[in-house]
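Okay, here's what each chain looks like letter by letter:
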Amino acid sequence: MKEYLPQELSIPDVQRLLQGGVGPRPIALVSTISKEGINNLAPFSFYNVFGANPPVIAFSPSRRGRDGSFKDTYLNLFETKECVVQAVTFNMVEQVSLASTEFENGIDEFVKSGLTPIQSDLIKPKRVKESPFQMECKLLDMMSYGDGGASANIAICEVIKFHIDEDIFVNGLIHPNKIDLVARMSGDFYCRAFGENIFEVEKPLAKKGIGYDQIPDFIKQSNIYSANNLGKLGNIEIIPSENAVSEYIQKVKRSTVIESDYLINSFEHYLTQKDFTKMLQVVLANSSLTTTNKKQLLEKTAKAALEANQTEIAWKIALFAGRDNG
Ligand SMILES: Cc1cc2nc3c(=O)[nH]c(=O)nc-3n(C[C@H](O)[C@H](O)[C@H](O)COP(=O)(O)O)c2cc1C
């Protein structure tokens, strides 16, 4: 491991390390207005949510690295205590980047970025029409740490009104594929939270899983399961009994519809289809497998079941794989 003490690095190097390791960071597109009534728009990825009761978010318009001066967003917030914070989606990211240009004080970034200003209901700063998720906010506190370039000014804000496009909801939940958010990483890298990048991890809060330590050693020592697979196995509340394992295996055996071609090729075929029941049927119907080979194929089957979120079935297959099936 490389080791660093921040005080021995240049400020840009510290910033680069933080931006590389703390991410992907959500992006707040922040709209403010000056006392003179000039609109301002800028993105901030030092941003997150900190509570829901009341709804509190915070972001950091830090001092300019170049000369330690304050950014317009900071100055406007300081004076007016109001802002609109909106989510940044994939189809607006280039315009948002344009809004981050250091235009002279007094330039309206709505005009420069081509994003559309619309009236807010409770505060003066404008909302960005293109964003499907907009929050009207009041400044609660501004916390500053340091006074040179790149020092933090954390604007802590309360959300006083949400405006959310109804099309991004699926069954009452904002769906990642509908909102299509982007996030900031190191350098010029961004990422898009969409499609194959989205996956689910069942919350352990609702139940009490057995934990990693209770997983039998023969499962932990297998070279088929990944660390994530084992973590998922540790989230089951009760390990299936030997009887439950036998009953499940007998049921699958009875339903076997594999014909003459139950050779190893068909296992691979079903593996690519992630059809773990067919994979199991192939293994059970194939009497010419060696014990080691059979164990490995069963473990691959358990892994496929696990990745299909069938944790109980995965456990049964994993336990069956550990039996002396020779
Ligand atoms: C995606 C993105 C994220 C950014 N995040 C931050 C940030 O968290 N803090 C910051 O001070 N500047 C950040 N910047 C740079 C500001 O947007 C930039 O300095 C902008 O000109 C500030 O505008 P203002 O002077 O109108 O407030 C970011 C830029 C981009 C493109």
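Up top you'll find the structure we're talking about.
Residues numbered from 1 in each chain as written. Predicted model: local features only at pLDDT ≥ 70, side-chain atom pairs only at ≥ 80, totals over all residues. Heavy atoms only, no water.

Enquirer: Quick question: what am I supposed to make of the pattern of salt bridges here?
Expert: Opposite charge on two side chains allows them to pair when their charged atoms are near. Counted under the stated rule, the structure contains 11 salt bridges. Across the pair Arg 64 and Asp 72 runs a salt bridge whose closest N-O atoms are separated by 3.9 Å. Pair check on accessibility: Arg 64 and Asp 72 agree, each one buried. One salt bridge connects Arg 192 with Asp 180, and the closest N-O pair in it is separated by 2.8 Å. (Salt bridge = Lys/Arg side-chain N within 4 Å of Asp/Glu carboxyl O. Buried < 20%, exposed > 50% of the residue type's maximum accessible area, 1.4 Å probe, protein only.)

Enquirer: Mind showing me how you'd approach helix H8 (residues 242–254) here?
Expert: Because each turn of an α-helix spans 3.6 residues, side chains separated by three or four positions end up pointing in the same direction. Between its first and last C-alpha, H8 extends 18 Å over 13 residues, near the 18 Å set by a 1.5 Å rise per residue. What H8 keeps buried is the set Val 245, Tyr 248, Ile 249 and Val 252. The buried residues of H8 occupy an angular sector of 95° when the element is viewed end-on, so they sit on one face. Within H8, the exposed residues directed more than 90 degrees away from the buried face are Asn 243, Glu 247, Lys 251 and Arg 254. Contact partners of the buried residues in H8: helix H10 (276–285) and helix H12 (311–322). (Helix = DSSP H or I, 4+ residues; strand = E, 2+ residues; numbered from the N terminus. Expected span 1.5 Å × (residues − 1). Arc of directions from axis to C-beta. Contact = heavy atoms within 4.5 Å.)

Enquirer: How should the nonpolar core be read in this particular structure?
Expert: What tends to happen in soluble globular proteins is that the nonpolar side chains get buried as a cluster. Ile 219, Leu 280 and Trp 315 are the most contacted members of the largest nonpolar core, which totals 33 residues. Mapped by element, the contributors of at least two residues to this core are helix H7 (227–233), H8, helix H9 (264–272), H10, helix H11 (291–307) and H12. Counting residues per element, this core draws most heavily on H12, at seven residues. If sequence neighbours within four positions are ignored, Trp 315 has contacts with Ile 210, Ile 215, Pro 216, Ile 219, Leu 233, Ile 236, Ile 239 and Pro 240. Of all hydrophobic cores here, the second largest spans 22 residues; its members include Ala 42, Phe 44, Met 135 and Val 159. (Core = buried A, V, L, I, M, F, W, Y, C linked by side-chain atoms within 4.5 Å.)

Enquirer: Explain a nonpolar patch on the surface to me, please; I cannot follow it from the model alone.
Expert: On the surface, Phe 162, Ile 164 and Phe 169 cluster together into a nonpolar patch covering about 240 Å² of accessible area. Turning to its location among the elements, Ile 164 is positioned in strand E10 (residues 152–164). (Patch = residues over 30% accessible without salt bridge, like charges linked within 9 Å, V, L, I, M, F, W, Y side chains within 5 Å. Areas by Shrake-Rupley, 256 points an atom, 1.4 Å probe, with all protein chains shown as cover.)

Enquirer: Teacher, can you tell me more about unusual backbone geometry here?
Expert: Residues apart from glycine generally show negative phi values, whereas peptide bonds are mostly found in trans. That bond from Gly 23 to Pro 24 is cis: its omega, -10°, falls within 30 degrees of zero. Note that Pro 24 resides in the loop between helix H1 (11–21) and strand E1 (25–26). Positive phi, close to 65°, is recorded for Lys 81, a residue that is not glycine. Its location among the elements puts Lys 81 in the loop between helix H2 (72–80) and strand E6 (82–87). Look at Asn 171: it is not a glycine, yet its phi comes out positive at around 50°. Inspection of the secondary structure assignment puts Asn 171 in the loop between strand E11 (169–170) and strand E12 (173–174).

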